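Residue-level structural notes
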Amino acid sequence: MAYEVIRQPDHGRQVLIFESKEQVCRFTVDRFWEISERTINEWGRFSVALSGGKTPQDIYVEIGRVGQGMDWRAIHVFLVDERFVPPDDDRSNFRMIKKTLLDAIPIPVANLHAVATEETDPRTSAKGYEAELMKFFGTGPGSVPAFDMILLGMGEDGHTASLFPGVPDLQNDKRLVRAVEPAGARVARVTLTLPVINGARNVFFLVTGETKARTVRRVVEEQDPTLPASLVRPLEGALLFLCDREAGSLLDIDKGEAKSVSAGVV
Ligand code: 6PG
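So, here's what we can say about the structure. (Residues numbered from 1 in each chain as written. Predicted model: local features only at pLDDT ≥ 70, side-chain atom pairs only at ≥ 80, totals over all residues. Heavy atoms only, no water.)

A word on the overall build of the chain. Summing up its helical and strand segments, the chain has 6 helices and 12 strands in all. Relative to the compact-globule value of 18 Å for 266 residues, the chain shows a C-alpha radius of gyration of 18 Å, a close match. Over its C-alpha atoms, taken along the principal directions, the chain stretches across nearly 55 × 45 × 35 Å. Within the chain, buried positions represent 54% of all 266 residues. Here the contacts in the chain between residues at least 6 apart in sequence split such that 76% fall between residues at least 24 apart. Each charge class in the chain was averaged separately, 32 positive and 38 negative side chains, and the resulting centres sit 2 Å apart. (Helix = DSSP H or I, 4+ residues; strand = E, 2+ residues; numbered from the N terminus. Rg over C-alpha atoms; globule rule 2.2 N^0.38 Å. Buried < 20%, exposed > 50% of the residue type's maximum accessible area, 1.4 Å probe, protein only. Contact = heavy atoms within 4.5 Å. Lys, Arg positive; Asp, Glu negative; His and termini not counted. Charge placed at Lys NZ, Arg CZ, Asp CG, Glu CD.)

Right, let's get into the packing of aromatic side chains. Scanning all chains against the criterion turns up 12 aromatic pairs. Each ring, one from Phe32 and one from Phe46, has its centre 5.5 Å from the other, and the planes form 85°; the classification is edge-to-face. One end of the pair, Phe32, is in helix α1 (residues 21–43); the other, Phe46, is in strand β3 (residues 46–50), with 14 residues separating them in the sequence. Of the two residues, Phe32 and Phe46, neither departs from the other in class, the shared state being buried. Taking 5.1 Å as the distance between ring centres and 65° as the angle between the ring planes, the aromatic pair formed by Phe78 and Phe136 counts as edge-to-face. Residue Phe78 is found in strand β4 (residues 75–79), and its partner Phe136 is found in helix α4 (residues 122–137); the two are separated by 58 residues along the sequence. There is no split in this pair, since Phe78 and Phe136 are both buried. One aromatic cluster in this structure is built from Phe78, Tyr129, Phe136, Phe137 and Phe147. In this structure, Arg45 packs its charged tip against the face of Phe136, placed 3.8 Å from the ring centre. Directly above the ring of Trp43 sits Arg201, whose terminal nitrogen or CZ lies 5.6 Å from the centroid. (Phe/Tyr/Trp six-rings, centres within 6.5 Å; stacked < 30°, edge-to-face > 60°. Lys NZ or Arg CZ within 6 Å of the ring centre and 35° of its normal.)

Okay, empty space enclosed by the protein next. Scanning the entire structure with this criterion turns up 1 cavity of 30 Å³ or more. Its boundaries defined by the atoms lining it, the largest cavity holds a volume of some 30 Å³. In terms of lining, the largest cavity is formed by Lys21, Val24, Cys25, Thr55, Asp58, Ile59 and Thr208. At the level of elements, α1 and α2 (57–67) are the ones that each hand at least two residues to the lining of the largest cavity. With 3 residues, the single largest contributor to the lining of the largest cavity is α1. Looking at the lining of the largest cavity residue by residue, the class counts come to 3 nonpolar, 2 polar and 2 charged. (1 Å grid on protein atoms, 1.4 Å probe; cavity = no way out; pocket = protein on both sides within 12 Å on 5 of 7 lines; lining within 4 Å. Points joined across faces, edges and corners; volume = space filled by probe spheres on them. Nonpolar A, V, L, I, M, F, W, Y, C, P; charged D, E, K, R; others polar.)

Right, dumping it as structure tokens:
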């Protein structure tokens with residue numbers, strides 16, 4: 001599997017541009033198993049936070065297909081964000097992840113960490129999810145947990161998770177989880193905060209399609225600070241942008257150290 005790579009060592013980021021969305025999927029699934037196996041061998045368990053949206057759905061299906069016969073007892077699945085709708089609503093991220101991945105695998109119910117959206121309100125739900133994170137990671141007030149892996153998407157407006165442009169206090173948020181009430185017709189959301197995302201060991205941005213090309217350029221090359229996606233900079237973890245050719249089409253690959261490598265090299 002060949003793809004082009006731009007390295008940006010100054011920022012500890014890697015941008016990988018693949019021929020197709022299918023290759024983004026294959027690469028991510030391979031890395032999911034590799035990182036989970038390594039982490040379980042080392043620490044005894046693996047925590048992953050998954051995003052909603054359309055881009056990762058094929059990836060979840062593929063992880064579920066490969067993972068049908070696997071042992072999931074050491075794997076814990078959290079949500080990056082949730083739309084504040086009932087669990088059977090089409091817009092529910094947990095519903096989508098359940099249909100694409102969770103229904104296919106033998107994962108214990110106790111390992112599924114959904115965001116409550118019934119008989120509560122967004123702020124109370126965010127507090128509850130924060131408490132769940134603290135319990136799981138064994139962290140006290142003021143400490144940021146370290147997810148082993150977080151899969152993020154990116155909106156055309158530069159949002160990631162449910163951190164939209166204009167949402168205040170993104171960088172120095174003391175919360176682990178917050179409620180966000182976006183303007184317009186969008187429903188309220190509950191989302192991991194930027195410090196939690198930046199505390200993860202492996203953060204993957206999955207971005208495909210030409211409608212995202214301009215945003216990818218603004219985030220990766222211009223590092224436009226008004227776009228929340230630009231603010232994702234894991235303190236110690238790895239950050240990977242995985243784009244298909246269309247999403248990466250406006251990046252100056254000739255200016256960087258662009259080169260073609262095989263998948264095994266990265
Ligand atoms: C959500 C997300 C959100 C998503 C982006 C990209 O719940 O919508 O978690 O941050 O990842 O909006 O969405 P697409 O993959 O559909 O483009």
